[in-house]
Number of protein chains: 2
Amino acid sequence: MEETHKKILLVEDDPNFGAVLKDYLSINDFEVTLAKNGMEGFEKFKKDNFDLCILDVMMPYKDGYTLAREIREKNKEVPIIFLTAKSMKEDVLKGYKVGADDYLNKPFDSEVLLMKIKAIIQRKASETKTDNAKFEFQIGRFHLNSKLRFLTFDKEEPIKLSPKENELLKMLALHENDLMPRELALTKIWRDDNYFTSRSMDVYIAKLRKYLKPDEDVEILNIHGEGFRLVVKNKVEEK
Amino acid sequence: MEETHKKILLVEDDPNFGAVLKDYLSINDFEVTLAKNGMEGFEKFKKDNFDLCILDVMMPYKDGYTLAREIREKNKEVPIIFLTAKSMKEDVLKGYKVGADDYLNKPFDSEVLLMKIKAIIQRKASETKTDNAKFEFQIGRFHLNSKLRFLTFDKEEPIKLSPKENELLKMLALHENDLMPRELALTKIWRDDNYFTSRSMDVYIAKLRKYLKPDEDVEILNIHGEGFRLVVKNKVEEK
DNA sequence: TTAATATATTAACCAAAGATTAACAACGAT
DNA sequence: ATCGTTGTTAATCTTTGGTTAATATATTAA
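In this text, all values refer to a predicted model and were calculated from it rather than measured experimentally.

Q: Outline the overall build of chain A, supporting the account with residue identities and numerical values.
A: Regarding its fold elements, chain A presents 8 helices and 12 strands. Here chain A holds 239 residues, and 46% of them are scored as buried. Of the contacts formed within chain A by residues at least 6 apart in sequence, a portion of 53% connects residues at least 24 apart. Carbon together with sulfur atoms contributes 52% to the accessible area of chain A, which is approximately 12600 Å² in total.

Now the structure itself:
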């Protein structure tokens, strides 16, 4: 099989170190885009489709965590590795909360980084299946555009959905008339499954129910202890 | 929500450190099995079904890598985290080669370990969502969807079943026209076989009988001292 | 036939899960 | 500095699910 090179976004403010690392990765068959700071990193991220992001934590203007959060808003899947000079616990924990896939303290061995990269990309590769290609859904008389986060009822003015509302509704729509396990939404959208995220999710279910009220035939049902089910009754054949 | 605790196999030869770590993980809602060496670790691994393995690298007789390789032979999926006192490059690389999911140098911060564990288990959880066990059964004129916990009679409105009702009926259906031993349901569904769970099960049998009343040809019979039998009479061939 | 054991059925009770609204905190955009 | 958006936590209430108790009926062995 023709192996198309994996694309890496490298955000590192130290020009020397950045260049060296970029070269090293390039030699090892990765296609590397280098950004000098968080701002530039985010711009480049939006313009392309990366398989992995490597972010320096300590950067002027916008640090790695902030950048990571922005990236996560756009893309829930892409693996993120943090580079940091200091190894303070708070920083590491913060990184994992933001959804880091790994963490590396500078100075580090480049071969180790390479191994981690390979391990992570391979992991993601095996996960990727039911993925984010689809972003438009017909839900009874509603139409959801999950890219624009618009929910439109018939021909009325679209309602703007918040990121979480949007993801949750999308996840429900992907399982239309079938069980959408609680755990799935929690781990995928909230990235953690505990009492509080679970309560939070309930709040969002309530919000969505309110939005969906205008169509009698659309309902979000609960399956006690399991999850939710988006049902659409009286469904007419779509041409 | 039915939060079933994740099982962790911890293999660590230092008894003090092992006990402390085990306690720490237990407090954080993991079910931990501690093994004192590679040999014991592998035995325990084979006997149970773990969600994660944490292996010390430096152990007498059988080191962590060797154990990891054996574990990988049995199970390609289970995440493995290595603990090591030394952080020599070769070791780290060796770990990743064996298929480690992460690597941690001793001494390490336990909160960091906890974060890593959660991140890794969550990752795996989202991978394993392709659950295609059988969940639909035809029982006379009834149809059971045990995923949605719906029992439908002919074309009427589905009845919602509680988790226990659902599991019990499913178990009966799996043994249709055959003996479903009391003990089986008790150990599988109630996870305990004693006087009270047995009474509880009787209650559920009564509930199911009530649900199944509409179809004359469907009955749950008792086999004294043995168990129950879901019989379907006058069965017509399904095309 | 009777005593002992097993099963049936209904109701009472309690705990866990979910629904809903409101208060609050974080943060970006004026 | 203020405002609007977003998301989390809290408080309260409702629903659901499961066990236990109480009582009645069956079955079996002696």
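Q: Report on unusual backbone geometry, specifying residues and quantitative values.
A: The residue Tyr 61 of chain B is not glycine, and still its phi comes out positive at about 70°. Within the secondary structure, Tyr 61 of chain B sits in the loop between strand 3 (52–56) and helix 3 (64–74).

Q: I'd like a description of the pairing of strand 1 (residues 6–11) of chain B, backed by residues and values.
A: Residue and element names in this part refer to chain B. Judged from the 6 bridges that link them, strand 1 and strand 2 (residues 30–35) form a sheet pairing that is parallel. For Ile 8, the partnering residue across the bridge sits in strand 2 and is Val 32. Examined bridge by bridge, strand 1 and strand 3 share 4 bridges and lie parallel to one another. By the bridge assignment, Leu 10 is partnered in strand 3 with Ile 54.

Q: Describe the packing of helix 2 (residues 38–47) of chain B against helix 3 of chain B, listing the residues and the values that go with them.
A: Residue and element names in this part refer to chain B. At their nearest, the axes of helix 2 and helix 3 sit 10 Å apart, and the two run at 15° to each other. In this view, helix 2 runs roughly parallel relative to helix 3, as classed from their interaxial angle. Pair helix 2 / helix 3 crosses with right-handed handedness. Along the contact surface, helix 2 presents Gly 38, Gly 41, Phe 42, Phe 45 and Lys 46, while helix 3 presents Leu 67, Glu 70, Ile 71 and Lys 74. Along the lines of polarity and charge, the residues of the contact of helix 2 with helix 3 split into 4 nonpolar, 2 polar and 3 charged.

Q: Quick one: what's the story with the sheet that holds strand 9 (residues 159–160) of chain B, residue by residue and with numbers?
A: Residue and element names in this part refer to chain B. The strand order across the open sheet built from 4 strands is 6-7-8-9, with neighbouring strands paired in antiparallel fashion. A strand with exactly one partner marks an edge of an open sheet, and here the two such strands are strand 6 (136–139) and strand 9. Together, strand 6, strand 7 (142–145), strand 8 (150–153) and strand 9 form the strand contacts of helix 6 (residues 163–174), whose direction differs from that of strand 6 by roughly 70°.

Q: Describe in detail the pattern of salt bridges, supporting the description with residues and values.
A: Working definition: two side chains of opposite charge can pair if their charged atoms are close together. All names here are of chain B. As enumerated under the stated definition, the model contains 19 salt bridges over all chains in all. In this structure, Glu 70 and Lys 62 form a salt bridge, with 2.9 Å as the shortest nitrogen-oxygen distance. In this structure Glu 70 comes out as partly exposed when scored by relative accessible area, which is 23%. Given a relative accessible area of 11%, Lys 62 falls into the buried group.

Q: Describe the nonpolar core, listing the residues and the values that go with them.
A: Residues and elements named next belong to chain A. The biggest cluster of nonpolar side chains holds 28 residues, and the ones touching the most others in it are Ile 139, Leu 168, Leu 172 and Met 201. Elements supplying a minimum of two residues to this core: strand 6 (136–139), strand 7 (142–145), strand 8 (150–153), helix 6 (163–174), helix 7 (182–190), helix 8 (195–212), strand 11 (218–223) and strand 12 (227–232). Apart from residues no more than four positions distant in its own chain, Ile 139 is found in contact with Leu 144, Leu 169, Ala 173, Asp 215, Val 218, Leu 230 and Val 232.

Q: Give a detailed account of the UniProt feature "modified residue: 4-aspartylphosphate" (unreviewed entry) in chain A, specifying residues and quantitative values.
A: Summarizing the sequence annotation, UniProt attributes the feature "modified residue: 4-aspartylphosphate" (unreviewed entry) to Asp 56 of chain A in the numbering used throughout. Counting through the fold element by element, Asp 56 of chain A comes out in strand 3 (residues 52–56).

Q: Can you break down the sheet that holds strand 10 (residues 179–181) of chain A residue by residue, with the values?
A: All names here are of chain A. Ordered in space as 10-12-11, the 3 strands form an open sheet in which the pairing is antiparallel. Edge positions in the sheet fall to strand 10 and strand 11, since each of these pairs with one other strand and no more. The mean angle between the axes of side-by-side strands here comes to 30°, regardless of whether they run parallel or antiparallel. The pairing of strand 11 with strand 12 spans 6 bridges and is antiparallel.

So, how was this worked out
- Residues numbered from 1 in each chain as written.
- Chains lettered and ligands numbered in written order.
- Predicted model: local features only at pLDDT ≥ 70, side-chain atom pairs only at ≥ 80, totals over all residues.
- Heavy atoms only, no water.
- Helix = DSSP H or I, 4+ residues; strand = E, 2+ residues; numbered from the N terminus.
- Buried < 20%, exposed > 50% of the residue type's maximum accessible area, 1.4 Å probe, protein only.
- Contact = heavy atoms within 4.5 Å.
- Areas by Shrake-Rupley, 256 points an atom, 1.4 Å probe, with all protein chains shown as cover.
- Pairing = 2+ DSSP bridges.
- Axes fitted to C-alpha atoms, helices over the stretch in contact; angles between N-to-C directions.
- Parallel < 35°, antiparallel > 145°, perpendicular 65-115°, else oblique.
- Left-handed = near helix turned anticlockwise from the far one by under 90°.
- Nonpolar A, V, L, I, M, F, W, Y, C, P; charged D, E, K, R; others polar.
- Salt bridge = Lys/Arg side-chain N within 4 Å of Asp/Glu carboxyl O.
- Core = buried A, V, L, I, M, F, W, Y, C linked by side-chain atoms within 4.5 Å.
- UniProt positions renumbered as here; feature names shortened; annotations may be inferred.

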